[in-house]
Each structure stands twice: as structure tokens, then as C-alpha cells.
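The lines below spell out each chain.
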Amino acid sequence: MANRSFNKFLAAGTSAAIVVSAVAPAALAHDNHVFTDVSGNYEEAVYSLHDWGIVNGKSETTFGTNLNLTRGDAAVIMANALGLDIENAPDAGFTDLIPRIEGSVNALAEAGIISGVGKGKFAPNEPLTRGAMAKILVLGFGLEDFAVETPFTDAVGAFGPYIESLYGTEITFGKTAVSFGTNMNITRGDFANLLYRTFMFIDENIYFPYAVTSEFVDSNTLKVTLEEAAPVEYTPQDIADGLLIYIENEDGSMTMPVMANAVLSEDRMTVTFDISPDLAGKKGIIYVDDLEETFDFTVKSTPVSINFDTKGTSTTGTALI
């Protein structure tokens, strides 16, 4: 299946893409089984997400597998999963948030993934329903375009479209053949399973471009060779936007450039694109996926006097080097 929500997913945050491309292969070995209440059906999901730094337990020895997941804890988990900037997100205006979850809720609200319950309240201690779970997974990972008709009689109202999208991915099939359980609370263990399946779905269905070489054409143009040919359903700009690129400036500050005017080679193995800001007059390091390259565009052309002789006449000219 071709992914039709590529840019939506990437826009949510690069950490999710990094997790999927780097460590998502399904059968992982987990040597440190620290939670006494995690086994069987939950083990792979919980320990994978824990290894990736996405979830924590309720204590050092328990995950709280059968406990209802609160809206506040769901926000923290999703912000971790998507790699959102929880430090600098603007205040969403909720008055009932504690410091532990405030940044995550603000970041998710800024991204349009969550909303409150009215009158400036987020209700962080209330349990998350399965309908709300469908909404945050679909919006968080850009799965809207996978919607199909469901057999669920309760896939209606505000959460109906999100349930259809989640059902279309086959990440979940509902509580019964005809009921999604929209208004039922979701447990921490079940949410871990669905989040993990979401990562697996993305790993199996979404193409991520990966750079094997990169070179500057000039101070604002980059040429990247891909590990494999880009599928035909992806535009050149999709490919450029899918690369993980950031710049370490000479002063140590970091910049994530904007890519534009992307062009793919005929064999779809090389993408060339402009980057902004222009690096003219700057030097530092550019990182493209796992590649690292120093650059120095501070060197300028300087005039040099050259003596040359034409037909016996000595003349002084000026050249630029």
C-alpha cells in the first residue's frame, strides 16, 4: 500500500520517523524485563516503547498494564512518540495542567492533535476513551487518508472519521465484530499495543528516503544520492522533505533548513534541492541522515595582480581567484 499521508506524518515530528526507520524491525530482544505486570500479549509493545524512551512505568517495577490511561499520560506518551518540542510550545490556555504534562499538552495542541473538554480545561486525570485514542493516533501519524467504511455501529459522531481511518490501517479491529467501543476507556497496556502497531504499520507501509551520499552544488543547493529508488507515487519534494537534515553552525547553534525546488534524477536515485537559509558566508557542519560533512562558504574571491607580456610589452592586469 502506498502511503498517501507521507507529509502529514513527517510534519508531526521527525523522532517518530527515526524510531521507525532505526529500530522498528518487529522481533526485538528485550533483556531488561523490569515490569512485573507485563507479559504475553503486551510484552513486545511495552518493552519496545520503553526501550525507545516513549513510555515509562507507574513505578520502577510496574507498568500499570491494566490501569486506565489518563488523558495527561496519553499526552506525554504521544509527545514522546512524535518527538515534539515540549519546551517551547506556546501555552494552549488550559488551566488544569501540572508541570509534568503541561509541555506535552501544549505541543500536541499546537500541532492540532488534541483539544480540551471546554472552558479552558484539558481534564488530564480523566481516562482516555477509545474514540479519543483513535483521534490522537490518526492525527498524530497522519493516517486520515486510510479511512474505510467500518462495521461498527458506534463509529459515529466526532470520533467516527478517526475510527474509520484506524480501522482502514488494520491497526485495530474493535472490541467486537460490530462495536469499536468508542466510549470505553482504554488501558495503558492496550494503548501501548496500538501505538506499537502504528509504528509497525508505518514501517511496513511508508517509504522513508535514506541518503548514502550528499554534496553541495553551491551554498544553497544540495545533491543527495538515495539508498534506493524513490517510488513513483512520491514527488521530488516529498523525498527532499523526508530527509533528516540539520546544520550545526560555527557558533554551535543548530538550524533545520527548509527544502524547496526539488528535482529527481530520471532513475529516481538522486534528488537535488535548494536549502534555506543560504549558507553563503557561513561555515559549519551539515548532517543528512547519518552523513556528516563540513562546509565553508566564507572564502571569497580576491583580486590578484598578474604581470604578463604581449608582443614584448609588459602590462599589469588583475584577475580574480
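These lines cover the structure that appears in this document, whether it is placed above or below. (Residues numbered from 1 in each chain as written. Predicted model: local features only at pLDDT ≥ 70, side-chain atom pairs only at ≥ 80, totals over all residues. Heavy atoms only, no water.)

So, on to the sheet that holds strand S6 (residues 270-276). Read across the open sheet, the four strands follow the order S1-S2-S6-S5; overall the sheet is antiparallel. The open sheet has two edge strands, strand S1 (211-218) and strand S5 (258-264), and neither has a second partner. Within the sheet, the average angular offset between the axes of one strand and its neighbour, ignoring direction, is 25°. Inspection of the sheet shows strand S2 (residues 221-226) paired to S6 by five bridges, in the antiparallel sense. Residue pairing for S6: Val224 is matched across the bridge by Val271. (Pairing = 2+ DSSP bridges. Helix = DSSP H or I, 4+ residues; strand = E, 2+ residues; numbered from the N terminus. Axes fitted to C-alpha atoms, helices over the stretch in contact; angles between N-to-C directions.)

Turning next to helix H7 (residues 160-169). Taken across its 10 residues, H7 has seven buried, putting it largely inside the fold. Gly160, Tyr162, Ile163, Ser165, Leu166, Gly168 and Thr169 are the residues of H7 that are buried. For H7, the secondary structure elements touched by its buried residues are helix H6 (130-141) and helix H8 (188-205). Immediately beyond the C-terminal end of H7, within one or two residues, lies Glu170, with a positive phi of roughly 65°. (Buried < 20%, exposed > 50% of the residue type's maximum accessible area, 1.4 Å probe, protein only. Contact = heavy atoms within 4.5 Å.)

This part covers the packing of H6 against H7. As a packed pair, H6 and H7 sit with axes 8 Å apart at the nearest point and diverge in direction by 65°. Between H6 and H7, the crossing angle belongs to the class labelled roughly perpendicular. Handedness of the H6/H7 crossing: left-handed. Where H6 approaches H7, its residues Met133, Ala134, Lys135, Leu137, Val138 and Leu139 are matched on the opposing element by Tyr162, Ile163, Ser165 and Leu166. (Parallel < 35°, antiparallel > 145°, perpendicular 65-115°, else oblique. Left-handed = near helix turned anticlockwise from the far one by under 90°.)

That bond from Ser276 to Pro277 is cis: its omega, 10°, falls within 30 degrees of zero. Mapped onto the elements, Pro277 comes out in the loop between S6 and strand S7 (283-288). The phi dihedral of Ala123 is positive, around 60°, even though this residue is not glycine. Its location among the elements puts Ala123 in the loop between helix H5 (99-110) and H6. Judged by relative accessible area, which is 16%, Ala123 ranks as buried.

With that out of the way, let us pick up the sheet that holds strand S4 (residues 254-255). Pairing is antiparallel across the open sheet formed by four strands, whose spatial order is S4-S3-S7-S8. The open sheet has two edge strands with one neighbour each: S4 and strand S8 (291-296). With two bridges connecting them, strand S3 (residues 245-249) and S4 associate as antiparallel partners. Bridge assignment links Ile247 to a residue of S4, and that residue is Thr255.

Bear in mind that shape data such as this cannot, by itself, settle questions of function.
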